[in-house]
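Residues per chain, in single letters:
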Amino acid sequence: DATAFGYRDGGWAGVIVGVDASPEMLAQARANHPRPRFKEGRAEALPFKDSWFERVVVRLVLHHMDRMLALREVARVLAPEGRIVAATFDPPHFGDHWLTRFFPSIEAIDRARFPDQATLTRELEGAGFGGVRVTRLSQHATVSREDALDRYRQVPGAQVHLIPGAGHSPNVEKPSTSFGRLVLW
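Residues numbered from 1 in each chain as written. Predicted model: local features only at pLDDT ≥ 70, side-chain atom pairs only at ≥ 80, totals over all residues. Heavy atoms only, no water.

### What to know about the pattern of salt bridges
Between side chains of opposite charge, a pair can form when the charged atoms approach closely. Note the cut-off: For this analysis, a salt bridge means a side-chain nitrogen from Lys or Arg found within 4 Å of a carboxyl oxygen belonging to Asp or Glu. Each helix corresponds to a stretch of at least 4 residues labelled H or I by DSSP, and each strand to a stretch of at least 2 residues labelled E; elements are numbered beginning at the N terminus. For every residue, the accessible area (1.4 Å probe, protein chains only) is compared with the maximum for its type, and the residue is labelled buried under 20%, exposed over 50%, or partly exposed between those bounds.
Enumeration according to the criterion identifies 7 salt bridges in this entry. Note that Asp90 and Arg136 form a salt bridge whose closest N and O atoms lie 2.5 Å from each other. Of this pair, Asp90 sits in the loop between strand S5 (78-87) and helix H3 (93-96) while Arg136 sits in the loop between helix H5 (117-126) and strand S6 (142-144), and the two are 46 residues apart along the sequence. A relative accessible area of 23% places Asp90 in the partly exposed class. Here the salt bridges do not stand alone but share partners, grouping Asp50, Glu73 and Arg76 into one network.

### What about the environment of Gln117?
Residue placement: Gln117 occurs in helix H5. Here the alpha-carbon distance between Gln117 and Asp90, two residues 27 residues apart in the chain, equals 7.3 Å.

### With respect to the confidence of the model for the protein
Detailed reading of the predicted coordinates is not advisable wherever pLDDT is low. Quick reminder of the rule: The predictor reports its confidence for every residue as pLDDT, a score running from 0 up to 100. Should any heavy atoms of two residues lie within 4.5 Å, those residues are considered in contact.
Across the protein, the average pLDDT comes to 78, with 74% of residues at 70 or higher. Within the protein, the element-level pLDDT minimum falls on strand S7 (residues 182-184), averaging 45, and the maximum on helix H2 (residues 67-77), averaging 95. Within the model, pLDDT remains below 50 along residues 1-9, and this stretch shows 47 contacts once partners closer than five positions in the same chain are excluded.

### A short note on helix H4 (residues 106-113)
Heads up, the rule is: Directions are taken from the helix axis to each C-beta atom, and the arc is the one they span.
Within the span of H4, buried status applies to Ile106, Ile109, Asp110 and Arg113. Considered in projection along H4, the buried side chains sweep an arc of 90° and stay on one side of the axis. The outward face of H4, more than 90 degrees from its buried face, is lined by the exposed residues Ala108 and Ala112. Turning to H4, the residues buried within the fold contact H2 and H3.

### Some details on H2
Of the residues making up H2, those classed as buried are Arg67, Ala70, Leu71, Glu73, Val74 and Val77. Looking straight down H2, one finds its buried side chains confined to an arc of 155°; they lie on one side. Along its buried surface, H2 packs onto strand S4 (53-59), S5, H4 and H5.

### A few points about the pairing of strand S3 (residues 37-40)
For clarity, the cut-off: The pairing criterion is simple: DSSP has to find at least two bridges between the two strands. Convention used here: a crossover is right-handed provided that the path from the first strand, over the helix, to the second strand proceeds clockwise when the strands point away from the viewer.
Both strand S2 (residues 16-20) and S3 contribute to a ladder of 4 bridges, which runs parallel. Bridging from a neighbouring strand, Val19 pairs with Lys39 of S3. Crossover S2 to S3 through helix H1 (residues 23-32) is right-handed.

In structure tokens, the structure reads:
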């Protein structure tokens with residue numbers, strides 16, 4: 001659910017700890033990243049002492065958790081001068097995403113799941129963070145037809161249970177004929 005970074009003495013001399021509620025995801029993380037330590041737990045009840053970390057990063061996970069509980073927990077485990085970096089999608093992104101052509105209802109579903117800037121700011125402040133600053137970053141990408149097909153087969157799987165029966169276009173059955181040479185978003 002969350003990844004916490006310990007930062008000491010002006011460098012990465014501290015401890016890096018990743019947290020996830022899923023033993024399967026932890027096993028994959030350990031296989032891919034041998035240096036950090038990993039701990040099973042939920043962001044809503046972090047298994048750490050108060051003021052334990054100087055930095056916490058939550059990247060593309062806020063939509064998977066009870067944000068207020070998780071943000072309060074992050075505030076609890078951060079040292080008084082600690083910092084959080086939260087990276088998430090900006091909801092307007094979903095209207096332009098290439099998967100929306102194939103799953104039209106995914107836009108509304110994801111807009112409801114991901115906080116907009118005002119909501120995220122309000123939630124961070126409500127969890128006790130002062131001086132909240134939001135920086136919007138944009139990314140544009142071009143992927144090959146083969147990469148798009150691979151992403152198409154993988155990414156929606158995690159969300160397909162959220163899509164109502166009528167929430168996809170006829171192109172879902174024939175994605176290989178629907179993609180051009182390149183997909184832009």
